[in-house]
Amino acid sequence: MSGSTRIVAVLGPTNTGKTHYAIERMLGHRTGVIGLPLRLLAREVYDKIVALRGPSVVALVTGEERIVPPRTQYWVCTVEAMPEGLGADCVAVDEIQLCADPERGHVFTDRLLRARGLHETLFLGSDTMRGPIAALVPEAQFVRRERMSQLVYTGSKKITRMPPRSAIVGFSVENVYAIAELIRRQKGGAAVVMGALSPRTRNAQVDLYQNGEVDYLVATDAIGMGLNLDIDHVAFSALSKFDGRRMRPLAPNELGQIAGRAGRGMASGTFGVTGEARPLDEGMAQAIMEHRFTPLKKLNWRNSALRFNSVDALISALEEAPSGEHLLKAREADDLMALKSLAGEAEVIARASDGASVRLLWDVCRIPDFRGISHAEHAGLLQVIFGHLHQDGHIPDDFMARQIRRIDRTHGDIDTLSKRLAYIRTWTYVAQRNGWVRDESHWRGETRAVEDRVSDALHERLTQRFVDRRTSVLLRRLKQKEALLAEVNDKGEVTVEGEFVGRLEGFRFMPDKSAQGAEAKALKSASLQALAPQFHLRADRFYNAPDTEIDFTEQGGLMWGEYAVGKLTVGADPLKPQVEVFVDEAAGPDVEQKVQRRLQHFIDRKVAALFEPLLALSRDEALSGLARGFAFRMVENFGILPRADVAQEVKDLDQEARGALRKHGIRFGQFTIFMPLLLKPAPTRLRLVLWSLAKGLSEFPEAPPPGLVTVPSVKDAEPGVDTMCGYRISGERAIRIDMLERLADMLRAKDSRAGFEATADMLSITGMTLEQFADLMQGLGYKAERGERAKVKPAPVEAAAEGAAAPAEGTVAEAAPAPEVAEAEAVPVEPVEAPAETPAEAADAEPELEVFFTFTWARAARQQQGRGPRREGRGQPGQGEGRAKDRPRGGKPQEGGRRRDGKPQGGKGGKPGQQGAKTYSSRPPKKEKAIDPDNPFAAALMGLKEGN
């Protein structure tokens, strides 16, 4: 180049506007070239210049991308891809201090020594380059630029306490991913920037950060090379890195280059350490803040005057040592290592027999090892590519298609997609080389399209893994103090700003279970703030909802549809339970009070409707004396009392008092005093809940299924549960108390002393087998004696003669009547006589046996239990009201009466032995009470009385 060009070294710390200055100077000329250290930065500068001058005059050339319009005036390139001999008016090289980089330094040194513009040459970089530039380019002028803002060291901070708009720097992929995952959980998400990302992926990730969707950036040291981001704080997670050969500590100037990304324009920035990185010593921190670094003395150099007459000559030229005290021979780079490996292959040496072939081999060896695989594998791929190029003059289309097809897949995780992206970069680089493929336009488009697809998929995976969009959106809107828009659909799903955050179950917000830790707290805080209006709308709708939409559970819960909105608690009166509501505190006291009032109204009306007979009994002012006291006992026990528990009280009631109580629906049964209307399923279900509340039970018993006459008895159940369920335990099963009273009416007509068998009606109303019925009777105080006998077959019945059809064999017995009609008398069914067998049949056939039970009253059991049929005339409890006083134990009226001393007396037509069991009394009988006209058995009693 002509020495008349103006050479300027613009030096200074970061955030001095050096790159912006170079762009302005270049655009002031007709043509220009600018070389940048990273293809990511090259793309950023390209976009800026295109915005100023349009795409038709701006070219972008990197190892994997080539956009060259026909009328190009300005070239934006990576330093390695800068065109030579172009004759541009202005040439600029950014980050010139990379001349000291062990890997790429020789390229930058070559540009420092040989790249010149026709009118102006600019070198941009750190002030540490002043000495070497002055020595190697004596004609250079120096311009010092000061940082536009302050850079302050703030020491060590935990990642969880990192301020917003922070960049956390890691020096390995694993470290970057681990930090990003932690920030996602704690802060809602982070963008990820690494040098290995494609420009498309990197730009998409940077947009997440720049647009404010996330407040944190996790990056490698790639951000130190001029990437302009709005960063307020830079934190180092480590102070050493692997440089490709060894782990080494970072120099102060390297830390300063990265830390300088904090603070843009006139805004000051801070830097510090985090994670396992030890705090910086005072001297190093002060040097970074004041931008005082050790000046560079040696620059890496490699010979650029290459000889291509043979492979050995090329290797020899590349290994030449520099002259001069400021240049240092660069260590063996990847391209030289590949060349030496291929030089050992006989086939390669045979092909590289002339200058053109050696030059082609060198161009192939300069393909970067994007894949990062072993050196031998990379050399093997280069040998295949060189063989195709040397033999065919280009790489075959089918070979290219196979390689690209294997990579063109977008499924897989982050690591898989990252590897595919690295692989496609190799073929993108190949397609960008002039003359290496037959249809350059086609293959450049193909490789670019695959890279874009894989890049988009990688960006999506990175975002899915390291960004919780809903949390980041909510936190950002909260920070900006903007109103959040919450919506609740008909399924209760809550979305805030379009992001699913959880469910609204009644008046309680249930955050999405996938959120944990600080993320869950932030999510709930933001969601409840946004849901405040929804709580009021829902409370209004609930307050006006009909009772049919509300219900109680058997455990005392209160439900609105499928959601729990409260629970019942014990009140001062068992029939007046209180309500505890389930309402989030964020809903406010107004919502809580409205829900509480609505639920209290519901349960009060439910009790009033289901226990109307009981409440009417409690309010009857006409009751007095013993009747009023008995009414209180009934209300206290929710309308059901075992007769044995109140035997004396029942005995003391006169007929007038009983009549007054019967008007309220009370039935005085032989075993239980109860109100039949309260045995229905709905009152029973509520009675169990109220009783459990009054008892203070932690787990409430469940009501038996409706319609069952008997149910299995529950072992270790709370005493009194069977009564509250409307059943009485008898043996292994419990029988419904109204059906038990019907059974008692049937038993009353039997001779329990001489013994009797179960009738079909008895088995029918209980729905039991004979064995189960025997167990039931033993539970009631009877003795069951088992026996066997020959079964009598029914006699044939002539349907035409009798005028009626015989019942079909196996006909199911009529179902038990409902509780409200249980007092009706059962009509006995006469058995059909068995047909007579012929003598021959009787002789040949074996007699078929049947099992039967004979039931007698067990006196010992009666004395222990106080149960069983007893004569009211003897003053014993447990006697039903429907039994005539003068009826003996056998149950049938006798023709002969008894004397007052209990001894049998004569009567017409009967013998003493036929008058049933004898009874005795320890005291004279009481004066007969007047027959209550409301008694359902009044007519029968009157008839018996008149008959005697």
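Residues numbered from 1 in each chain as written. Predicted model: local features only at pLDDT ≥ 70, side-chain atom pairs only at ≥ 80, totals over all residues. Heavy atoms only, no water.

Student: So what's going on with the sheet that holds strand β32 (residues 733-736)? Which residues, and what values?
Tutor: Pairing is antiparallel across the open sheet formed by three strands, whose spatial order is β30-β32-β31. Strands with a single pairing partner mark the edges of an open sheet, and in this sheet they are β30 (710-712) and β31 (727-730). Sheet twist, expressed as the mean angle between neighbouring strand axes with direction ignored, is 30°. Pairing geometry for β30 and β32, over three bridges, is antiparallel. Bridging from a neighbouring strand, T710 pairs with I735 of β32. This element, helix α26 (residues 737-748), spans β31 and β32 of the sheet and lies at about 85° to β32. (Pairing = 2+ DSSP bridges. Helix = DSSP H or I, 4+ residues; strand = E, 2+ residues; numbered from the N terminus. Axes fitted to C-alpha atoms, helices over the stretch in contact; angles between N-to-C directions. Contact = heavy atoms within 4.5 Å.)

Student: Mind laying out the sheet that holds strand β11 (residues 191-193), listing which residues take part and the relevant values?
Tutor: Read across the sheet, six strands follow the order β9-β16-β13-β10-β12-β11 without closing on themselves; strand pairing throughout is parallel. Of all strands in the sheet, those bounded by a partner on one side alone are β9 (151-156) and β11. Within the sheet, the average angular offset between the axes of one strand and its neighbour, ignoring direction, is 20°. Note that β9 and strand β16 (residues 269-273) share four bridges and pair parallel. Counted as the bridge partner of Y153 is F271 from β16.

Student: Before we move on, could you go through the packing of aromatic side chains and cite the residues and values that matter?
Tutor: Any aromatic ring pair is given by two values, namely how distant the centres are and how the planes are angled relative to each other. Taken as a whole, this structure holds 13 aromatic pairs when the rule is applied. Between the aromatic rings of F507 and F542, the centroid separation amounts to 5.6 Å while the plane-to-plane angle is 70°, which identifies the pairing as edge-to-face. Of this pair, F507 sits in the loop between β21 (499-505) and β22 (508-511) while F542 sits in helix α18 (residues 517-543), and the two are 35 residues apart along the sequence. Here F542 falls in the buried class, since its relative accessible area comes to 0%. Taking 5.9 Å as the distance between ring centres and 15° as the angle between the ring planes, the aromatic pair formed by F507 and W560 counts as stacked. (Phe/Tyr/Trp six-rings, centres within 6.5 Å; stacked < 30°, edge-to-face > 60°. Buried < 20%, exposed > 50% of the residue type's maximum accessible area, 1.4 Å probe, protein only.)

Student: Talk me through unusual backbone geometry; I want residue IDs and the actual numbers.
Tutor: For H291, which is not glycine, the phi torsion reads 60° and is therefore positive. Note on placement: H291 falls in the loop between α8 (282-290) and β17 (299-301). Its identity as a non-glycine residue notwithstanding, F638 has a phi of 60°, on the positive side. When you line up the elements, F638 lands in the loop between α21 (625-636) and β27 (640-642). Here F638 falls in the buried class, since its relative accessible area comes to 2%.

Student: I'd love a proper account of the nonpolar core, names of residues and values included.
Tutor: Within the largest apolar cluster, 68 residues are counted, with the highest numbers of intra-cluster contacts made by F507, L575, L599, L617, F630, L661 and I673. The dominant element in this core, judged by the number of residues it contributes, is helix α19 (residues 589-610), at seven residues. Not counting residues up to four positions away in its chain, the partners in contact with L599 are F542, I550, L558, V565, G566, V579 and V581. (Core = buried A, V, L, I, M, F, W, Y, C linked by side-chain atoms within 4.5 Å.)

Student: How would you sum up the packing of helix α6 (residues 199-210) against helix α16 (residues 440-466)? Please name residues and give values.
Tutor: Across the interface, α6 lies against α16 with an axial gap of 8 Å and an inter-helix angle of 35°. In this structure, α6 meets α16 at a crossing whose hand is right-handed. Counted together, P199, R200, T201, A204, Q205 and L208 of α6 and E451, D452, S455, D456, L458, H459, L462 and T463 of α16 form the full contact between these two elements. Looking at side-chain class alone, the contact of α6 with α16 contains five nonpolar, five polar and four charged residues. (Left-handed = near helix turned anticlockwise from the far one by under 90°. Nonpolar A, V, L, I, M, F, W, Y, C, P; charged D, E, K, R; others polar.)

Student: Please give an account of the environment of V364 that cites residues and values.
Tutor: Within the secondary structure, V364 is located in helix α12 (residues 355-365). For V364, a relative accessible area of 0% corresponds to the buried category. Taking the C-alpha atoms as reference, V364 lies 8.9 Å from L339; in sequence the two are 25 residues apart. Not counting chain neighbours up to four residues away, the residues in contact with V364 comprise L382, I385, F386, L389 and W436.

Student: Requested: an account of the pairing of strand β24 (residues 557-560), with residues and values cited.
Tutor: Pairing between strand β23 (residues 550-552) and β24: three bridges, direction antiparallel. When the bridges of β24 are listed, D551 appears paired with M559. The sheet contact formed by β24 and strand β25 (residues 563-569) spans four bridges and is antiparallel. Among the inter-strand pairings, L558 is bridged to a residue of β25, identified as G566. The antiparallel hairpin formed by β24 and β25 contains two residues in its connecting segment, where G561 sits at a positive phi of about 70°.

Student: Pulling in residues and values, what's your account of the pairing of β16?
Tutor: Within β16, four of the five residues are buried, which leaves the element mostly enclosed by the surrounding structure. Bridge count between strand β13 (residues 233-236) and β16: four bridges; the pairing is parallel. In the sheet register, H233 faces β16, and the bridge partner there is T270.

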